Amino acid sequence: MDPILLLKALILGIVEGLTEFLPISSTGHLIIVGSLLNYTDEQSKVFKIVIQLAAILAVCWLYRERITQVAGGLRSDPVQQRFVGLLMVGFLPAAVLGLMFHSTIKTYLFNPLTVAGALIVGGFLILYIERKVYQPRINSVDEMRWPDALKVGFAQALAMFPGTSRSGATIMGGLIFGLSRKTATEFSFFLAIPTMFAATIYDVYKNLDILRLEDLPVFAVGFVASFVAAMLSVRALVRYISNHDFTVFAWYRIVFGVIVLLTAQMGWVEWTA
């Protein structure tokens, strides 16, 4: 196996794990870093699916106690039934709109320059939202109602545009719609589970023809790197939000997006889709 390819897999796995649950767009980072590493072939499409699956499995592991409670009480516990219902309502907008526009978005918008623009716009939106004063009326996920979940679900659907950030859209949307910062972040984690599992299954189905057994070592390296990095990232984010807002992520998005556009304009990097 090519050691350079394994190194690329390690780097992209770490990038995916670190960025998936931060409001900075993991898909955008994978597109940009993948282009920079010249890893944009057919294999890379399936590879990115694998490492995204690893990131969501990391969240499942970290929140395994709550997931076990939900699974155990799904038949008889109204609280757990209501919780699953909220997730399904929140998942619905992305599911419907994703089926309608998935192929079109991947064909026309999955390129570094589009991502850079979305990073910058999203960064300024986060700055604007953080400067507003939102009084939370919902301080735990169990206090949410189905209209709250639906609103956050529509916010999540905005992340179909690469560079927007699924977690950023759901968390910022949650703040606007009355969720506390902790509640918005936790609901974003839980909502990621059905959303990303569905996206993974759909993408694997669409790319079955390019799955190859010889790619297993590359996928394994990326999977492990993504899983470990995601666990570290989620734990750090939960600690961070207890005393901080998301302004630092907004400025990171803006600076990173400007750098990508500047390198393209100056001809320093030839970005490819």
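Note that the structure is predicted; figures quoted are calculated from it, not measured.

A few words on the UniProt feature "transmembrane region" (unreviewed entry) in the protein chain. Here, the residues flagged by UniProt with the feature "transmembrane region" (unreviewed entry) are residues 46-63, 83-102, 108-129, 187-205, 217-238 and 250-269. Counted over residues 46-63, helix gives 94% and strand 0%. Its end C-alpha atoms are 26 Å apart. This span, residues 187-205, is 100% helix and 0% strand, and a straight line between its end C-alpha atoms measures 28 Å.

Turning next to the packing of aromatic side chains. Scanning the entire structure with this criterion turns up nine aromatic pairs. Ring centres of Tyr 63 and Phe 190 lie 5.1 Å apart, and the angle between their planes is 70°; this geometry places the pair in the edge-to-face category. With Tyr 63 in the loop between helix H3 (42-62) and helix H4 (64-73) and Phe 190 in helix H9 (residues 181-206), this pair connects stretches of sequence that are 127 residues apart. Phe 190 carries the same exposure label as Tyr 63, and that label is buried. Ring geometry for Phe 83 versus Phe 190: centroids 5.1 Å apart, planes at 90°, classification edge-to-face. Placement of Phe 83 in helix H5 (residues 78-108) and of Phe 190 in helix H9 is noted, with a sequence separation of 107 residues between them. Taking the relative accessible area as the measure of exposure, Phe 83 reaches 4% and is therefore buried. Within the aromatic cluster, the residues linked to one another by ring pairs are Phe 21, Tyr 63, Phe 83, Phe 189 and Phe 190. It is Arg 64 that lies over the ring of Trp 61; its NZ or CZ is 4.0 Å from the centre.

What follows is about the packing of helix H7 (residues 146-157) against helix H8 (residues 166-176). Where H7 contacts H8, the axes come no closer than 8 Å and their chain directions differ by 145°. In terms of crossing hand, the pair formed by H7 and H8 is right-handed. Across the interface between the two elements, Val 152, Ala 155 and Gln 156 of H7 pack against Arg 166, Ala 169, Thr 170, Gly 173 and Gly 174 of H8. Looking at the contact of H7 with H8 residue by residue, the classes come out as three nonpolar, four polar and one charged.

Between H7 and H9, the shortest axis-to-axis distance is 12 Å and the interhelical angle comes to 70°. In terms of orientation, H7 and H9 fall into the roughly perpendicular class. For the element pair H7 and H9, the recorded crossing hand is right-handed. On the side of H7, the interface is formed by Ala 149, Val 152 and Gln 156, while H9 contributes Phe 187, Leu 191 and Thr 195. Tallied by class, residues from the contact of H7 with H9 come to four nonpolar, two polar and no charged.

Turning our eyes to something else, we now look at the environment of Ile 24. Its place among the elements puts Ile 24 in the loop between helix H1 (3-19) and helix H2 (26-36). Note on Ile 24: relative accessible area 5%, which makes it buried. Ignoring anything within four residues of it in the chain, the contact list for Ile 24 reads Thr 19, His 29, Leu 119, Ser 165, Phe 249, Tyr 252 and Arg 253.

Inspection of the entire model under this criterion finds seven salt bridges. The shortest N-O distance in the salt bridge between Arg 181 and Glu 130 comes to 2.9 Å. Taken together, the residues Arg 181 in helix H9 and Glu 130 in helix H6 (residues 112-131) connect sequence positions 51 residues apart. Given a relative accessible area of 22%, Arg 181 falls into the partly exposed group.

Our focus in this paragraph is the side chain of Gln 52. Looking at the element boundaries, Gln 52 is found in helix H3. Since its relative accessible area comes to 19%, Gln 52 is described here as buried. Other than its neighbours up to four places away in sequence, Gln 52 contacts Glu 16, Glu 20, Thr 27, Leu 30 and Met 196.

Thresholds applied
Residues numbered from 1 in each chain as written. Predicted model: local features only at pLDDT ≥ 70, side-chain atom pairs only at ≥ 80, totals over all residues. Heavy atoms only, no water. UniProt positions renumbered as here; feature names shortened; annotations may be inferred. Helix = DSSP H or I, 4+ residues; strand = E, 2+ residues; numbered from the N terminus. Phe/Tyr/Trp six-rings, centres within 6.5 Å; stacked < 30°, edge-to-face > 60°. Buried < 20%, exposed > 50% of the residue type's maximum accessible area, 1.4 Å probe, protein only. Lys NZ or Arg CZ within 6 Å of the ring centre and 35° of its normal. Axes fitted to C-alpha atoms, helices over the stretch in contact; angles between N-to-C directions. Left-handed = near helix turned anticlockwise from the far one by under 90°. Contact = heavy atoms within 4.5 Å. Nonpolar A, V, L, I, M, F, W, Y, C, P; charged D, E, K, R; others polar. Parallel < 35°, antiparallel > 145°, perpendicular 65-115°, else oblique. Salt bridge = Lys/Arg side-chain N within 4 Å of Asp/Glu carboxyl O.

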